[in-house]
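Notes for the structure review
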Amino acid sequence: MEVNLFYEETLNKVGGEHPSEASRTQCWALVTKLLRTVFKATHAARNFATEAGGANMDPLQTNGYFF
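Residues numbered from 1 in each chain as written. Predicted model: local features only at pLDDT ≥ 70, side-chain atom pairs only at ≥ 80, totals over all residues. Heavy atoms only, no water.

A cluster of nonpolar side chains, Val3, Trp28, Leu35 and Phe39, forms an exposed patch at the surface whose accessible area comes to about 370 Å². Per-element tally for the nonpolar patch: the top contributor is helix α2 (residues 21-52), with three residues. For Leu35, the location among the structural elements is in helix α2. The exposure class assigned to Leu35 is partly exposed, which follows from its relative accessible area of 31%. (Patch = residues over 30% accessible without salt bridge, like charges linked within 9 Å, V, L, I, M, F, W, Y side chains within 5 Å. Areas by Shrake-Rupley, 256 points an atom, 1.4 Å probe, with all protein chains shown as cover. Salt bridge = Lys/Arg side-chain N within 4 Å of Asp/Glu carboxyl O. Helix = DSSP H or I, 4+ residues; strand = E, 2+ residues; numbered from the N terminus. Buried < 20%, exposed > 50% of the residue type's maximum accessible area, 1.4 Å probe, protein only.)

Structure representation (structure tokens):
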């Protein structure tokens, strides 16, 4: 829902009241690229946090990595 709302807002700013098909395509490409970037960053942080907890590591330090 938030992605669709962001797409619609971006499209209205770029294409005006009656956006062209090219504007729609470019806006959707931008939105999906931004979404992929968020997913990649989240994945990288999650991998780092998952590997942070070791047998020799202090539990408080492990929790710090997750945050």
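Turning our eyes to something else, we now look at the packing of aromatic side chains. Tallied over the full model, the rule gives one aromatic pair. With a centroid separation of 5.2 Å and an interplanar angle of 90 degrees, the aromatic rings of Tyr7 and Trp28 are classed as edge-to-face. Here Tyr7 is found in helix α1 (residues 2-15), whereas its partner Trp28 is found in helix α2, with 21 residues between them in sequence. Exposure remark for Tyr7: the relative accessible area of 11% places this residue in the buried category. Residue classification places Trp28 among the partly exposed residues on the basis of a relative accessible area of 43%. (Phe/Tyr/Trp six-rings, centres within 6.5 Å; stacked < 30°, edge-to-face > 60°.)

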